[in-house]
Amino acid sequence: MTPQHDPSSPVSSTRIAIDRFNEAFNRHDADALESLLTDDTVFENTSPAPDGQRIVGKSAVVEFWRGWFARNPDAMFQTEELVVCGDRAIVRWIYRKLRTGQPWHLRGVDVFTVRDGKVAAKLAYVKG
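The structure contained in this document is the topic of the report that follows. Note that this is a predicted model, so its numbers are computed, not measured.

### Digging into the environment of Thr46
- Considering the arrangement of structural elements, one finds Thr46 in the loop between β1 (37-44) and β2 (54-56).
- A sequence separation of 48 residues divides Thr46 from Ile94, and the C-alpha atoms of the two residues are 14 Å apart.
- Thr46 has contacts with Gly52, Ala124, Tyr125 and Val126, leaving out every residue within four places of it along the chain.

### Considerations on unusual backbone geometry
- Looking along the chain, the bond that leaves Ser47 and enters Pro48 is cis, with omega of 0 degrees.
- Along the chain, the position of Pro48 falls in the loop between β1 and β2.
- For the bond running from Ala49 to Pro50, omega is 5 degrees, close enough to zero to count as cis.
- You can see Pro50 is positioned in the loop between β1 and β2.
- You will see that Thr100, though not glycine, has its phi angle at about 50 degrees, which is positive.
- In this fold, Thr100 is placed in the loop between β4 (88-99) and β5 (102-115).
- On the basis of relative accessible area, Thr100 is assigned to the exposed category, the value being 76%.
- Unusually for a residue other than glycine, Asp116 sits at a positive phi of about 55 degrees.
- Note that Asp116 resides in the loop between β5 and β6 (118-126).

### Focus on the pairing of β6
- For β1 and β6, the ladder comprises four bridges, and the chain directions are parallel. Paired with Phe43 across the two strands is Lys122, which belongs to β6.
- Two elements, β5 and β6, share eight bridges in a ladder whose sense is antiparallel. When the sheet's bridge partners are listed, Val114 is paired in β6 with Val119.
- Here β5 hands over to β6 after two residues, with Asp116 in that stretch at a positive phi of 55 degrees.

About the cut-offs
Residues numbered from 1 in each chain as written. Predicted model: local features only at pLDDT ≥ 70, side-chain atom pairs only at ≥ 80, totals over all residues. Heavy atoms only, no water. Helix = DSSP H or I, 4+ residues; strand = E, 2+ residues; numbered from the N terminus. Contact = heavy atoms within 4.5 Å. Buried < 20%, exposed > 50% of the residue type's maximum accessible area, 1.4 Å probe, protein only. Pairing = 2+ DSSP bridges.

Below you can see the structure in the form of structure tokens.
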């Protein structure tokens, strides 16, 4: 069995965690996200420039996303590419929503760290 097909392998465990995270995120399901994060999780937002806001701890991260989902009810992230190496994953994505009634999008990358099947870090970067 190759590591990609062995559910107990680090690569497969990381992929499963990222897939679950992204599915919950696109459902805007903060409760499901909470169950997928380590207690000491770190999220680095894309704004404000130049380095983005750093949020530490499961409760603070979930609170941030609850507010973000409320402000962006139509937001969706489409994965363009997912690369997994051990406990790390890189996701190239397109963020889509309506802005002033018109379709709008932004491209970016998330760098994830997974520990014990949960997201321990999500560092977000955008183009432009």
